[in-house]
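So you can see what is in the structure, the chains are spelled out below.
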Amino acid sequence: MTTKRTRGERAGLTREIVLDAALGLIDREGRAALTMRRLGAELGVEAMTLYHHVPNKDALLDGLVERVFAEALPLPAAGDSDSDSDDGEATDWRAFLRAYAGSLRTALLRHPGVLPLVTGRPAVTPATLDAVERGLRTLTSAGFALGPAVDTLNALSLFVVGHTAAEADARHAHPARTAPSVAAPGTTAWLAELDCERYPLVVEAAGTGAGTDDAERFGFAVDAMLTGFGAAAGLA
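The sections below set out a description of the structure shown in this document. (Residues numbered from 1 in each chain as written. Predicted model: local features only at pLDDT ≥ 70, side-chain atom pairs only at ≥ 80, totals over all residues. Heavy atoms only, no water.)

What follows deals with the overall build of the protein chain. When helices and strands are counted, the protein chain shows 12 helices and zero strands. Of the regular secondary structure in the protein chain, the N- to C-terminal order runs α-α-α-α-α-α-α-α-α-α-α-α. Considering the protein chain as a whole, with its 236 residues, one finds that 33% of them fall into the buried category. In the protein chain, the proportion of contacts linking residues at least 24 apart, taken out of those at least 6 apart, comes to 73%. Looking at the protein chain as shown, the accessible area adds up to about 13,700 Å², and 55% of this sits on carbon and sulfur atoms. (Helix = DSSP H or I, 4+ residues; strand = E, 2+ residues; numbered from the N terminus. Buried < 20%, exposed > 50% of the residue type's maximum accessible area, 1.4 Å probe, protein only. Contact = heavy atoms within 4.5 Å. Areas by Shrake-Rupley, 256 points an atom, 1.4 Å probe, with all protein chains shown as cover.)

Pasting the structure below:
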């Protein structure tokens, strides 16, 4: 006997295809453009067909958060030599969290329209929770008690989201009421033009580029946080 396929399957759709199309739509036109009707048009199907893969709009938004975190904290493939095992060597928690933070920043900068969803929607899908479970397992295997492990993962995630949101806002800002030849307030060029007698260090930093690189600032903060997490957990 053959299993009868749903209309969504006959259309060649999967949940992953639907979510990726939604991400692409948000990337191009912003979150306001994402409706079930518009997404269906993107995929060449009626909006109702999408409900074979995402039961409602909330499930679609939860799935978008899942896709971003899956990019940042992917589960190892079965048989992957890097996967954790009961008798294998524990994953280096600092390297794990450093890679997670960098990957999450990259994923969010790639999909800035999803940032408001990440800040406002909890981890509820199985795939997102699987990623969280892997992070907690890595930390507890390294010696963290469960409470500090949860705090560590939450604190690092919130920092990454906040830092990335600020980066995304700066990258997409369109200064208003400012002539093209005038530096926008708050930018490095604007800071460099301040009164150097009143703000000598600010002007020097802006002029030399000290502390103005987003990636370097991000890496510095992550390393400092990991040092603190390790000290708080009593790990060398």
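Attention now goes to the pattern of salt bridges. Applying the stated rule across the entire model yields 10 salt bridges. Taking the shortest distance from any N to any O, the salt bridge between R67 and D20 comes out at 2.9 Å. With R67 in helix 5 (residues 57–72) and D20 in helix 2 (residues 15–29), this residue pair connects regions lying 47 residues apart in the sequence. With a relative accessible area of 21%, R67 lands in the partly exposed category. In this structure, a network of salt bridges that share partners links the residues R28, E29, R38 and E42. (Salt bridge = Lys/Arg side-chain N within 4 Å of Asp/Glu carboxyl O.)

The next point concerns the packing of helix 6 (residues 93–110) against helix 8 (residues 126–141). Relative placement of two packed helices is described by the angle separating their axes and the distance separating the axes. The interhelical angle for the contact between helix 6 and helix 8, taken along N-to-C directions, is 150 degrees, at an axis separation of 9 Å. Classed by the angle they form, the pair helix 6 and helix 8 counts as roughly antiparallel. By crossing handedness, the relation of helix 6 to helix 8 is classed as left-handed. Residues W93, F96 and L97 of helix 6 form the contact with helix 8, whose own contacting residues are R134, G135, T138 and L139. A class-by-class count of the residues in the contact of helix 6 with helix 8 yields four nonpolar, two polar and one charged. (Axes fitted to C-alpha atoms, helices over the stretch in contact; angles between N-to-C directions. Parallel < 35°, antiparallel > 145°, perpendicular 65-115°, else oblique. Left-handed = near helix turned anticlockwise from the far one by under 90°. Nonpolar A, V, L, I, M, F, W, Y, C, P; charged D, E, K, R; others polar.)

Right, let's talk about the environment of L64 for a bit. The residue L64 is located in helix 5 in this model. For the pair L64 and V18, spaced 46 residues apart in sequence, the C-alpha separation works out to 9.8 Å. Once residues within four sequence positions are removed from consideration, L64 is found in contact with L19, A22, L23, I26, L34, V114 and L117.

What follows covers the packing of aromatic side chains. For the structure shown, the criterion picks out two aromatic pairs. On the numbers, 4.9 Å between centres and 80 degrees between planes, the contact of W93 with F144 is edge-to-face. Taken as a pair, W93 in helix 6 and F144 in the loop between helix 8 and helix 9 (146–172) lie far apart in primary sequence, 51 residues in all. As far as the burial class goes, W93 and F144 line up, both buried. Note that R105 overlies the ring of F218, its terminal NZ or CZ placed 5.3 Å from the centroid. (Phe/Tyr/Trp six-rings, centres within 6.5 Å; stacked < 30°, edge-to-face > 60°. Lys NZ or Arg CZ within 6 Å of the ring centre and 35° of its normal.)

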